[in-house]
Amino acid sequence: MRYELVIFDNDGVLVDSEPLANTVLSGYLTELGHPTSYEESLRDYMGSAVHRVHDLVEERTGQKLPEDFDSTLNTRTFAAFQQELVAVDGAEELLGKLVADGVDYCVASSGSHERIRVGHRKTGIDQWFEEEWIFSSEDVGRGKPAPDLFLYAAERMGVAPDRCVVIEDSPLGVEAARAAGMDVYGFTSMMPADRLVGVTGHFSDMAQLPELLA
């Protein structure tokens, strides 16, 4: 493999959480008087940290979301995870191959540390990650599309950015990876390939990825 470190996004790449999370988010925003469809939630918020929700709602309406917005959103999202969340098809097999091949990897997610761990425990992905291989937007000042999170993960893992490759499924994540000076492969299970502008390559099945990275 020509890369020293594979950096995975989490939601939609390792755990199939985007449909659940965006259903909850769009419903909650609509309930609060900010009508948002599921498709609009994917378009505006997929791959971002929760501060983007606050920022866009205030920018568009002049209104602030309630102080307990984050905690309520987390409670509802985690409840949905506990009922329905599964790993992305092929993700565990891919991680097993990376381990067998001696390739280092980590996860760098816009989600909170709690959200990452809830999802990993529910799906069994936790068995593939040491604590020190998990990075969240909570660890840096700015989430995606800023490059900070990917650069932080590379630094902590001891690998130069140009020796890293990012696996992403959102336009914001692709933008962040490119800004970090990293190659990035776009997973198109939910997002059309033409929305992932500037990627090094596309793939729709995790089984395709090892050959792309070779």
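Each remark here, short or long, concerns the structure printed above.
Below, the structure is looked at part by part.

Scoring rules and cut-offs
- Residues numbered from 1 in each chain as written.
- Predicted model: local features only at pLDDT ≥ 70, side-chain atom pairs only at ≥ 80, totals over all residues.
- Heavy atoms only, no water.
- Helix = DSSP H or I, 4+ residues; strand = E, 2+ residues; numbered from the N terminus.
- Buried < 20%, exposed > 50% of the residue type's maximum accessible area, 1.4 Å probe, protein only.
- Pairing = 2+ DSSP bridges.
- Axes fitted to C-alpha atoms, helices over the stretch in contact; angles between N-to-C directions.
- Parallel < 35°, antiparallel > 145°, perpendicular 65-115°, else oblique.
- Contact = heavy atoms within 4.5 Å.
- Nonpolar A, V, L, I, M, F, W, Y, C, P; charged D, E, K, R; others polar.
- Phe/Tyr/Trp six-rings, centres within 6.5 Å; stacked < 30°, edge-to-face > 60°.
- Lys NZ or Arg CZ within 6 Å of the ring centre and 35° of its normal.
- Arc of directions from axis to C-beta.
- Core = buried A, V, L, I, M, F, W, Y, C linked by side-chain atoms within 4.5 Å.
- Domains from an automatic or database assignment.

1. Considering unusual backbone geometry
In the segment running from Lys144 into Pro145, the intervening peptide bond is cis, with an omega of 20°. Tracing the chain through its elements places Pro145 in the loop between strand S3 (134–136) and helix H7 (148–157).

2. Observations concerning the pairing of strand S4 (residues 164–168)
One face of the sheet, then the other: side chains in a regular strand alternate in exactly this way. Along S4, five of the five residues are buried, which leaves the element largely enclosed by surrounding structure. Going residue by residue along S4, you find Cys164, Val166 and Glu168 tucked away on one face and Val165 and Ile167 tucked away on the opposite face as well. Where strand S1 (residues 5–8) meets S4, four bridges bridge the pair, whose relative direction is parallel. Opposite Leu5, over in S4, you have Cys164 as the bridge partner. Of the strand pairs in this sheet, S4 and strand S5 (residues 183–187) are connected by four bridges, and their pairing is parallel. Counterpart to Glu168 in the pairing with S5 is Gly186.

3. Quick notes on the packing of helix H1 (residues 18–31) against helix H2 (residues 38–45)
Helix-helix packing is described using two parameters, namely the angle between the two axes and the distance between the axes. With their axes 8 Å apart at the nearest point, H1 and H2 run at an angle of 105° to one another. Considering the angle they form, H1 stands roughly perpendicular to H2. Taken together, the residues of H2 that come into contact with H1 (itself represented by Glu18, Pro19, Asn22, Thr23, Leu25, Ser26 and Leu29) are Tyr38, Ser41, Leu42 and Tyr45. Here the residues of the contact of H1 with H2 sort into six nonpolar, four polar and one charged.

4. Some points on the packing of aromatic side chains
Inspection of the entire model under this criterion finds seven aromatic pairs. Taking the centre distance of 5.8 Å and the plane angle of 90° together, the rings of Phe135 and Tyr152 count as edge-to-face. Placement of the pair is Phe135 in strand S3 and Tyr152 in helix H7, with a sequence separation of 17 residues. Owing to a relative accessible area of 23%, Tyr152 belongs among the partly exposed residues under this scheme. Grouped by ring-pair contacts, the aromatic residues Phe8, Tyr105, Phe129 and Trp133 constitute a single cluster. Note that Arg76 overlies the ring of Tyr28, its terminal NZ or CZ placed 4.5 Å from the centroid.

5. Things to note about H7
Restricting attention to buried positions, one finds in H7 the residues Leu149, Phe150, Ala153 and Ala154. The buried residues of H7 occupy one face: seen down the axis, they fall within an arc of 135°. Turned more than 90 degrees away from the buried face of H7, the exposed residues are Glu155 and Arg156. The elements touched by buried residues of H7 are S1, strand S2 (104–109), S3, S4 and helix H8 (171–179). Trailing H7 by a residue or two, Gly158 shows a phi angle of about 75°, which is positive.

6. Digging into the nonpolar core
Across soluble globular proteins, nonpolar side chains have a tendency to be buried as a group. Val6, Phe8, Leu14, Phe129, Ile167 and Tyr185 are the most contacted members of the largest nonpolar core, which has 31 residues in total. Mapped by element, the contributors of at least two residues to this core are S1, helix H4 (69–84), helix H5 (91–101), S2, helix H6 (113–123), S4, S5 and helix H9 (209–213). Ranked by residues supplied to this core, first place goes to H5 with four residues. Residues lining this core come from more than one domain, with at least three contributed by each of domain 1 (3–15 + 85–211) and domain 2 (16–82). Among residues more than four places away in sequence, those in contact with Val6 are Met1, Leu98, Val103, Asp104, Tyr105, Cys106, Val165, Ile167 and Leu213. Within the second largest apolar cluster, 24 residues are counted, among which are Ala108, Ala153, Val166 and Val174.

The analysis is restricted to geometry; functional conclusions fall outside its scope.
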